[in-house]
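# Reading the structure
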Amino acid sequence: MSISRHQLLQAFDGLLQPERFKDYGPNGLQVEGKAEIQRVVSGVTASRALIEAAIAARADAIFVHHGLFWRGQDGRITGWMKQRLQLLLAHDINLFAYHLPLDAHAELGNNAQLSRVLGFAADARFGEQDLGFSAPASFASGQALADHVAQVLGRAVTLVQPAPDGAQRPIRRVAWCTGGAQGYFESAIAAGADAFITGEISEPQAHLAHEMGVGFIAAGHHATERYGAPAVAAHVAAQCGLDHQFIEIDNPA
């Protein structure tokens, strides 16, 4: 079974509602490929490795969280950008990318899927554009929460404990926002979190964790955002009768 490119775009847009968001780049169809689509490959980032894997999988379309085009980037088609675009165009593959809409979806988005994987039942949202999620939790300490996150995600995490007695503080409410959402830390604190989970940490957050009495866990940008794209793509593919395959391109960041 196949559907048109326009029908697939309508299905993604209808589910993710990109018009609701102020974003850092274009959501939706970023590169136009063949008009009829039978097979969709999903991944986190439109890297050359993912594009090459999608070509090998005979994909007609790629669905990602991190597309090719971002506000303020150099607009010249040279180097890595030329190589990625050349592969997409030569093989007539459509590229669909959704950034903040994919983070925010209440059931299939990155934050909702991270909640599912970690075993949290989100009951509140916070932060700019309501991208952050929070839930009740029951962990003896920030270290116990960090150990749980590391075990589930299968990678080491960075934990910054509150000072001076952070190691003894239980975690009764946890907040999270996937990817590079370290700037949401203060909103998480205001929302009553005892600990905040995101992908990355910058220098100011370590001081805030010590001073504000709230733990900070950086669990990896890719590691926290690898669940939304396959969930959305699988859902839409099932609705439209398409084949779908998630391709994991590992990234230590």
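Residues numbered from 1 in each chain as written. Predicted model: local features only at pLDDT ≥ 70, side-chain atom pairs only at ≥ 80, totals over all residues. Heavy atoms only, no water.

### Observations concerning the overall build of the protein
Short version of the rule: Helix and strand assignments follow DSSP, with helices taken as H or I runs no shorter than four residues and strands as E runs no shorter than two, numbered in order from the N terminus. Between the two quantities, the radius of gyration covers C-alpha atoms and the globule rule is 2.2 Å times the number of residues to the power 0.38. In this scheme, a residue with accessible area under 20% of its type's maximum is buried, one over 50% is exposed, and one in between is partly exposed, where area comes from a 1.4 Å probe on protein chains only. Contacts are residue-level and defined by heavy atoms, with any inter-residue pair within 4.5 Å sufficient. Exposure was quantified through the Shrake-Rupley algorithm and a 1.4 Å probe, taking into account, for residues, occlusion by the shown protein chains and nothing else. Here the positive residues are Lys and Arg and the negative ones are Asp and Glu; neither His nor the chain ends is included. The location of each charge is read from NZ of Lys, CZ of Arg, CG of Asp or CD of Glu.
Each helix and strand counted, the protein has ten helices and 13 strands in total. Taken over C-alpha atoms, the radius of gyration comes to 19 Å for the protein, in line with the 18 Å a tight globule of 253 residues would show. Expressed as lengths along the three principal axes of its C-alpha atoms, the size of the protein is roughly 60 × 40 × 30 Å. Across the 253 residues of the protein, 52% fall into the buried class. In the protein, of all internal contacts separated by at least 6 residues, the share reaching a separation of at least 24 is 68%. Summed over its atoms, the accessible surface of the protein is roughly 11,200 Å², and 50% of this surface lies on carbon and sulfur atoms. Side-chain charges in the protein split into 18 positive and 25 negative, and the spacing between the mean points of these groups amounts to 4 Å.

### A look at the layout of surface pockets
The condition that has to hold: Here the term cavity refers to a set of points on a 1 Å grid, laid over the protein atoms alone, in which a 1.4 Å probe fits but cannot get out; the term pocket refers to an open set having protein on both sides within 12 Å along at least five of seven lines, with lining residues being those that place an atom within 4 Å of a point. Grid points are joined across faces, edges and corners, and a volume is the space filled by probe spheres set on the points. Gly is put with the polar residues, along with every residue not named as nonpolar or charged; the nonpolar set is Ala, Val, Leu, Ile, Met, Phe, Trp, Tyr, Cys and Pro, and the charged set is Asp, Glu, Lys and Arg.
Of the voids in this model, the largest pocket is the one considered here, and its volume is about 190 Å³. Contributing to the lining of the largest pocket are 17 residues, with Y24, L100, T178, G180 and A181 lying nearest its centre. Split by residue class, the lining of the largest pocket holds six nonpolar, nine polar and two charged.

### Focus: the packing of aromatic side chains
Using the following cut-off: Note on ring pairs: Phe, Tyr and Trp rings are taken, using the six-membered ring of Trp, and paired if centres are within 6.5 Å. Classes follow the plane angle, with under 30 degrees stacked, over 60 edge-to-face and the rest tilted.
Inspection of every chain in the model, using the stated rule, returns eleven aromatic pairs. Taken together, a centroid distance of 6.1 Å and an interplanar angle of 40 degrees make the contact between F133 and W176 tilted. A residue pair is termed long-range when its members are at least 10 positions apart, and F133 in strand 8 (residues 132-139) and W176 in strand 10 (residues 171-176) qualify at 43 residues. We classify F133 as buried; its relative accessible area is 3%.

### Remarks on empty space enclosed by the protein
By the definition in use, this model includes one cavity of 30 Å³ or more. Considered as a void within the structure, the largest cavity measures approximately 50 Å³ in volume. Along its surface, the largest cavity is lined by 13 residues, and P26, Q30, G67, W70 and H99 are the ones closest to its centre. Of the residues assigned to the lining of the largest cavity, the class counts are six nonpolar, six polar and one charged.

### Digging into the nonpolar core
We apply this condition: Side-chain atoms within 4.5 Å are what join buried Ala, Val, Leu, Ile, Met, Phe, Trp, Tyr and Cys residues into a set we call a nonpolar core.
Counting residues in hydrophobic clusters, the biggest one holds 23 residues, and the most contacted among them are L8, F63, F96 and V232. Elements with a minimum of two residues in this core: helix 1 (5-16), strand 5 (61-66) and helix 10 (228-240). Per-element tally for this core: the top contributor is helix 10, with seven residues. Ignoring anything within four residues of it in the chain, the contact list for L8 reads I3, I37, V40, A61, F96, V236 and L242. By size, the runner-up hydrophobic cluster in this structure holds 21 residues, among which are F120, F139, A195 and A223.

### Quick look at the pairing of strand 6 (residues 94-97)
Spelled out, the test is: Following DSSP output, two strands are said to pair if at least two bridges run between them.
Residues N94 and F96 of strand 6 are buried on one face, and the alternating residues L95 and A97, pointing to the opposite face, are buried as well. Bridge analysis of strand 2 (residues 28-31) against strand 6 gives three bridges, and the strand direction is antiparallel. Pairing of V31 across the sheet is with L95, part of strand 6. Pairing geometry for strand 5 and strand 6, over four bridges, is parallel. Its bridge partner lying in strand 6, A61 is registered against N94.

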